[in-house]
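The lines below spell out each chain.
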Amino acid sequence: MNTIDVPKEWHQAAERIKHDTKVCIILGKIDSGKSTLCRYLTQAWTASMIRVGYVDSDLGQPTIGFPTTVSLKIFDIPPQDHDYSNPSHFQFVGNTAPDGFLLQALHAVKIMADKSRQQGAGITLVDTSGFIDGPVARILKLHKIEMLRPQWIVALQAKDEMEHLLKGYEKMGWQVIRLACSKHVVTRSQAERQRYRSEKYKSYFRHARITNCSIHKVVFPSCILGTGQRMAPPELPKETGMHAMNPPYMEKCGNELLIIADIAGSSIPVYELKNSFDVTTIVLIERPTLKDLLVGLNDENNFTIGLGIIADMNPFTDKLTLFTPVQDTHKVTTIRLGTMKVGLDGKEYGKTRVIQHW
Ligand SMILES: Nc1ncnc2c1ncn2[C@@H]1O[C@H](COP(=O)(O)OP(=O)(O)OP(=O)(O)O)[C@@H](O)[C@H]1O
Ligand SMILES: [Mg+2]
């Protein structure tokens, strides 16, 4: 980390904010210097004897935590560069960008901000992603602000790219400080961003090992697995044409039929299955899509204990095989399916949509 260039406006903002502030959120486009400003503020405020809770809500390029998560670290004294890692808590969201996971992203920020307060942070400082353009970003950022209720919103701008958000916030009565981006900002390519994420995954999984757990002892909130009635393959109606393939695993609960199979969605006879099983929704998990999927391992309070990579899932033998550094796997109550495929070498192998439904 290079030395931080601190324009006098940054210094003035730090002084102004430190009084009577519980929550401060930093906004800006990608590569605007948000995380650098957070480092500066953390240093300045801890030097003034303020306990700072750094909530890192950047799912793609996190400073403190791991990609796909929101994390928290508490600082009491001015940190060294290497202190901005090893979060004290983190919450799995599921994607390296909030799309498709807006609720999970907001919920995770709320959990981390609450923990920061519970741990006595004088100021909870929220670092964010550079996702600022378009209606979805506008809605997400606004809800984040309404949920966190920050005393200060600090926006880094190169020109006027944040005004479509900031003008609205001011009309709503939020206090905004506008700061110019530093001349020392260095932009990063997509390849550099991906390499950065790989290093983060590698570091997280460096002590991971293969472990098995019982599928039916845990909950998968995104599907009915383990909550329904098992439909044995012989009960499959002949007209579905699904007899030829490896027998699929099927479970029915209420109006939903879950199928876990080695087949593509396009070969599912949706209409026939709905009729035969008297359900309104068919959910398919193509078993191969689960391999290498990054998942969140949460406890009974829905706090993330750790991350895992699925090696295999076999509902017939009730066995979920995971690669994870988590030791207390008996505490895992829910498994959150994400969208990222990550190899044991830390490399990302794209995104996948695990759950298909009709
Ligand atoms: N004030 C500054 N002084 C020195 N270097 C800076 C400053 N601001 C930003 N940089 C440099 O620019 C790069 C990008 O900054 P930073 O990571 O803080 O941006 P960001 O907005 O958090 O990016 P992202 O959107 O990827 O999270 C970093 O290498 C950082 O060291
Ligand atoms: Mg950043």
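Residues numbered from 1 in each chain as written. Chains lettered and ligands numbered in written order. Predicted model: local features only at pLDDT ≥ 70, side-chain atom pairs only at ≥ 80, totals over all residues.

With an unreviewed UniProt entry as reference, the protein chain is termed Clp1 P-loop domain-containing protein, source organism Candidatus Brocadia carolinensis.

A word on the overall build of the protein chain
The condition that has to hold: Under the scheme used here, helices are H or I runs from DSSP no shorter than 4 residues and strands are E runs no shorter than 2 residues, and both carry numbers assigned from the N terminus. Only the C-alpha atoms count toward the radius of gyration. The rule for a globule is 2.2 Å times the residue count to the power 0.38. As a rule, residues whose C-beta atom has 12 or fewer other C-beta atoms within 10 Å are exposed, those with 20 or more are buried, and those in between are partly exposed; C-beta atoms are placed from the backbone. Here, residue contact means that the backbone-derived C-beta atoms of the two residues sit within 7 Å.
The number of helices and strands found in the protein chain is eight helices and 18 strands. Its C-alpha atoms give the protein chain a radius of gyration of 23 Å, within 12% of the compact-globule value 21 Å for 358 residues. Relative to its full complement of 358 residues, the protein chain shows a buried share of 38%. Long-range contacts, defined as pairs at least 24 residues apart, comprise 66% of the intrachain contacts of the protein chain with a sequence gap of at least 6.

Remarks on the sheet that holds strand 3 (residues 69–75)
This is how it is decided: Strand pairing is assigned whenever DSSP identifies at least 2 bridges connecting the two strands. All axes are obtained by fitting lines to C-alpha atoms, using only the stretch in contact for helices, and the reported angles, taken between N-to-C directions, cover 0 to 180 degrees.
With mixed pairing, seven strands are arranged side by side in an open sheet as 4-3-2-5-1-6-7. Two strands close off the open sheet at either side, each with one partner strand: strand 4 (89–92) and strand 7 (176–180). Pairs of neighbouring strands in the sheet enclose a mean axial angle of 20°, with direction left out of account. Across three bridges, the pairing between strand 1 (residues 23–28) and strand 5 (residues 123–127) is parallel. Paired with Ile 25 across the two strands is Val 126, which belongs to strand 5. Together, strand 1, strand 2 (52–56), strand 3, strand 5 and strand 6 (152–157) form the strand contacts of helix 2 (residues 34–47), whose direction differs from that of strand 5 by roughly 165°. Docked against the sheet, helix 5 (residues 163–171) engages strand 1, strand 6 and strand 7, running at close to 155° with respect to strand 7.

What about the pairing of strand 17 (residues 348–351)?
Pairing analysis gives two bridges linking strand 16 (residues 334–342) to strand 17, with the strands arranged antiparallel. What sits directly across from Met 340, in strand 17, is Lys 351. With antiparallel pairing between neighbouring strands as the criterion, strand 16 and strand 17 make up a hairpin whose turn holds five residues, including Gly 346 at a positive phi of roughly 85°.

Regarding helix 1 (residues 8–17)
Within an α-helix, residues lying three or four positions from one another point in the same direction, as the helix has 3.6 residues per turn. Note the following rule: To be clear, the arc concerns the directions from the helix axis to the C-beta atoms.
Here helix 1 has its buried residues at Trp 10, Ala 13, Ala 14 and Ile 17. Seen along its axis, helix 1 keeps its buried residues to an arc of 100°; they face one direction. Away from its buried face, by an angle of more than 90 degrees, helix 1 presents the exposed residues Lys 8, His 11, Gln 12, Glu 15 and Arg 16. Among the structural elements, strand 1, helix 2, strand 6 and strand 7 are those in contact with the buried residues of helix 1.

Quick notes on the sheet that holds strand 14 (residues 304–314)
Spatial strand order, 8-15-14-13-16-17: six strands in an open sheet with antiparallel pairing. The sheet is open, and its two borders are formed by strand 8 (209–214) and strand 17, each paired with just one other strand. Sheet twist, expressed as the average angle between the axes of neighbouring strands with direction ignored, equals 45°.

Re the site of ligand 1
As a reminder, the rule being used: A residue counts as near a molecule or strand when its C-beta atom, positioned from the backbone, falls within 6 Å of it. By the convention adopted, Pro, Cys, Tyr, Trp, Phe, Met, Ile, Leu, Val and Ala count as nonpolar, Lys, Arg, Asp and Glu as charged, and the other residues, Gly among them, as polar.
Not every one of the 18 residues close to ligand 1 is listed here, only the nearest: Asp 5, Gly 33, Ser 35, Thr 36 and Ser 182. Partitioning the shell around ligand 1 into residue classes produces four nonpolar, 10 polar and four charged.

Comments concerning the nonpolar core
Most often, soluble globular proteins have nonpolar side chains that are buried together. Here is the rule we go by: For this analysis, nonpolar core means a set of buried Ala, Val, Leu, Ile, Met, Phe, Trp, Tyr and Cys residues linked through C-beta atoms within 7 Å. Per the annotation, domain bounds derive from an automatic or database assignment of domains.
Core analysis: the biggest nonpolar cluster contains 83 residues, and Ile 25, Val 55, Leu 125 and Ile 259 have the highest contact counts within it. The dominant element in this core, judged by the number of residues it contributes, is helix 3 (residues 102–118), at seven residues. Two domains each provide a minimum of three residues to this core, namely domain 1 (8–192) and domain 2 (205–358). If sequence neighbours within four positions are ignored, Ile 259 has contacts with Pro 248, Met 250, Ile 268, Ile 282, Val 283 and Leu 284.

Thoughts on the UniProt feature "domain: Clp1 P-loop" (unreviewed entry) in the protein chain
Counted only if it meets this: UniProt positions are given in the numbering used here, feature names are shortened, and annotations may be inferred rather than shown by experiment.
With numbering matched to this structure, UniProt assigns "domain: Clp1 P-loop" (unreviewed entry) to residues 28–206. In the segment residues 28–206, helix accounts for 39% and strand for 18%; the C-alpha atoms at its two ends are 32 Å apart.

What about the domain arrangement of the protein chain?
By domain assignment, the protein chain separates into domain 1 (8–192) and domain 2 (205–358). For domain 1 versus domain 2, the separation of C-alpha centres amounts to 34 Å. A per-element tally of the side of domain 1 that touches domain 2 places strand 4 first, with three residues. Per-class residue counts for the side of domain 1 that touches domain 2 are four nonpolar, seven polar and no charged.

Describing the packing of helix 3 against helix 4 (residues 134–148)
Selection rule: Convention used here: angles under 35 degrees read as roughly parallel, angles over 145 as roughly antiparallel, angles from 65 to 115 as roughly perpendicular, and any remaining angle as oblique. Whether a crossing is left-handed or right-handed is set by the direction in which the near helix is turned from the far one by less than a right angle, anticlockwise for left-handed and clockwise for right-handed.
At their nearest, the axes of helix 3 and helix 4 sit 10 Å apart, and the two run at 25° to each other. Here helix 4 runs roughly parallel to helix 3, going by the angle between their axes. Relative to helix 4, helix 3 is oriented so that their crossing is right-handed. In this structure, helix 3 uses Leu 102, Leu 106, Val 109, Lys 110 and Ala 113 to contact helix 4, whose residues at the interface are Leu 140, His 143, Lys 144, Met 147 and Leu 148.

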